[in-house]
Amino acid sequence: MRIGVLGTGNMADALATHWVRAGHEVTIGGRDPHKAERLATRVGGGAKPAGLRAAAESGQVVLAALPFGAGVDVARDLRAALEGKVLLDCSNPVGPGFGLLTEGGPSAAQRLAAAAPGAHVVKAFNLCHEDVWRMRPPVFDGRPLAVPVCGDDETALVRVRELVRDVGCEPVAGGGLGRSGLLEATAALFISLWVGEGADAQAIAPPLAYAAGPDH
Ligand SMILES: NC(=O)c1ccc[n+]([C@@H]2O[C@H](COP(=O)([O-])OP(=O)(O)OC[C@H]3O[C@@H](n4cnc5c(N)ncnc54)[C@H](OP(=O)(O)O)[C@@H]3O)[C@@H](O)[C@H]2O)c1
């Protein structure tokens, strides 16, 4: 697959590294050419450095590894280049006090979709810290990490599920893009539990056999 990455920060680094290893053709796009060059060298595997527009043009899948507000601005600016592409959104619109910056309005992923209406936006990879995405593979107690994926276009979802497996994880159907806000709210909750309370967010859900009560 040809993958364009928008951003040269932590998530770009963590995910692109897996995808290069899986044999994908990756272009790292940054607003700072030196950072793009440095990250492309770091992830290796023939990854090419580029500007944001060239990276968007190069990818069948384009990862937006950008802060929430910047992601929407960049998607609007690149809307023509993103036409027909899968636009993968891992952003967390989480602000001070672990609040959602999108409260009362569309989710971050829906705002990306509005900014680049020709792109097929898919939400994934937002629920864990970059260091988890750097694990090879992210497996806990013998179980691969499950990654919920939200999107409306089946072809786009097929591609993103493949990219989830390439990270060593298992994709889980999260529903349409209309449900992406739930993933973003879940991230806000998890971050507040981990960072604010020092609580184990994994402990808040029972095993599946108990999920709907003992009679189900
Ligand atoms: N880090 C995590 O653990 C984690 C986990 C899950 C989800 N996320 C989400 O993933 C996204 C990326 O996070 P990150 O940790 O990778 O961030 P990061 O390390 O700070 O990298 C952000 C990237 O965005 C670029 N950028 C910022 N503003 C821009 C603008 N206006 N135009 C173009 N490029 C711009 C930065 O470029 P410069 O270097 O030139 O400033 C940098 O390359 C965020 O939405 C975050 O919520 C992060």
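- Going by the annotation in an unreviewed UniProt entry, the name recorded for the protein is NADP oxidoreductase, with Streptomyces cirratus given as the source organism.

## Observations regarding a nonpolar patch on the surface
- There is a patch of nonpolar side chains on the surface, built from Phe-98, Trp-194 and Val-195 and spanning about 280 Å² of accessible area.
- The topology assignment puts Trp-194 in helix 8 (residues 180-197).
- For Trp-194, a relative accessible area of 38% gives the class partly exposed.

## Focus: the UniProt feature "domain: Pyrroline-5-carboxylate reductase catalytic N-terminal" (unreviewed entry) in the protein
- UniProt records the feature "domain: Pyrroline-5-carboxylate reductase catalytic N-terminal" (unreviewed entry) at residues 2-93, using the numbering of this structure.
- Between the end C-alpha atoms of residues 2-93 there is a gap of 27 Å, over a span that is 43% helix and 23% strand.

## A short note on the packing of helix 1 (residues 10-21) against helix 2 (residues 33-43)
- Here helix 1 crosses helix 2 at 40°, and the two axes come no closer than 9 Å. Compared by their axis directions, helix 1 and helix 2 come out oblique. The two elements helix 1 and helix 2 cross, and the hand of that crossing is right-handed. Each of Ala-12, Asp-13, Ala-16, Thr-17 and Val-20 in helix 1 lies in contact with helix 2, whose residues at this interface are Leu-39, Arg-42 and Val-43.
- By residue class, the composition of the contact of helix 1 with helix 2 is five nonpolar, one polar and two charged.

## What to know about the nonpolar core
- Ranked by internal contacts, the top residues of the largest apolar core, which has 38 residues, are Trp-19, Val-26, Ile-28, Leu-88, Phe-125, Trp-133 and Val-147.
- Of the residues forming this core, the biggest block, seven residues, is contributed by helix 1.
- The contacts of Val-147, once residues within four sequence positions are left out, are Ala-124, Phe-125, Trp-133, Val-164, Cys-169, Glu-170, Pro-171 and Val-172.
- Counting 22 residues, the second largest nonpolar core, distinct from the first, contains Leu-6, Val-62, Val-74 and Ala-116.

## Comments concerning the pattern of salt bridges
- Evaluation of the coordinates by the stated rule reveals nine salt bridges.
- Across the salt bridge formed by Arg-161 and Glu-154, the nearest N and O atoms sit 3.2 Å from each other.
- For Arg-161, a relative accessible area of 24% puts it in the partly exposed group.
- Shared partners join several salt bridges into a network, and the residues in it are Asp-13, Arg-42, Glu-130, Asp-131 and Arg-134.

## Details of the site of the ligand
- Near the ligand lie 22 residues; those nearest to it are Thr-8, Met-11, Lys-35, Leu-66 and Glu-130.
- Within the contact set of the ligand, an oxygen atom lies 3.5 Å away from a backbone nitrogen or oxygen of Gly-9.
- Isolated, the ligand exposes 910 Å² of accessible area, and the fraction of that covered by the protein chains is 75%.
- When each cavity is represented as a set of grid points, the ligand is found to reside in the second largest pocket.
- Looking at the shell around the ligand, the elements that each hand over two or more residues are helix 1 and helix 4 (68-77).

## Some thoughts on helix 7 (residues 154-166)
- Look at helix 7: 18 Å from first C-alpha to last across 13 residues, which is about the 18 Å you get at 1.5 Å a residue.
- Those residues of helix 7 not exposed but buried are Ala-156, Leu-157, Val-160, Leu-163 and Val-164. Down the axis of helix 7, the sector holding all buried residues measures 120°, keeping them to one side.
- A side-chain oxygen of the first residue of helix 7 lies 3.2 Å from the backbone nitrogen of Thr-155; this N-cap is Asp-153.
- Among the residues trailing helix 7, Gly-168 stands out with phi positive, at a value near 95°.

Thresholds applied
- Residues numbered from 1 in each chain as written.
- Predicted model: local features only at pLDDT ≥ 70, side-chain atom pairs only at ≥ 80, totals over all residues.
- Heavy atoms only, no water.
- Patch = residues over 30% accessible without salt bridge, like charges linked within 9 Å, V, L, I, M, F, W, Y side chains within 5 Å.
- Areas by Shrake-Rupley, 256 points an atom, 1.4 Å probe, with all protein chains shown as cover.
- Salt bridge = Lys/Arg side-chain N within 4 Å of Asp/Glu carboxyl O.
- Helix = DSSP H or I, 4+ residues; strand = E, 2+ residues; numbered from the N terminus.
- Buried < 20%, exposed > 50% of the residue type's maximum accessible area, 1.4 Å probe, protein only.
- UniProt positions renumbered as here; feature names shortened; annotations may be inferred.
- Axes fitted to C-alpha atoms, helices over the stretch in contact; angles between N-to-C directions.
- Parallel < 35°, antiparallel > 145°, perpendicular 65-115°, else oblique.
- Left-handed = near helix turned anticlockwise from the far one by under 90°.
- Contact = heavy atoms within 4.5 Å.
- Nonpolar A, V, L, I, M, F, W, Y, C, P; charged D, E, K, R; others polar.
- Core = buried A, V, L, I, M, F, W, Y, C linked by side-chain atoms within 4.5 Å.
- Near = heavy atom within 4 Å.
- Polar contact = N/O pair within 3.5 Å; in protein donor to acceptor, adjacent residues only side chain to side chain.
- 1 Å grid on protein atoms, 1.4 Å probe; cavity = no way out; pocket = protein on both sides within 12 Å on 5 of 7 lines; lining within 4 Å.
- Sits in = over half its atoms within 2 Å of the grid points.
- Expected span 1.5 Å × (residues − 1).
- Arc of directions from axis to C-beta.

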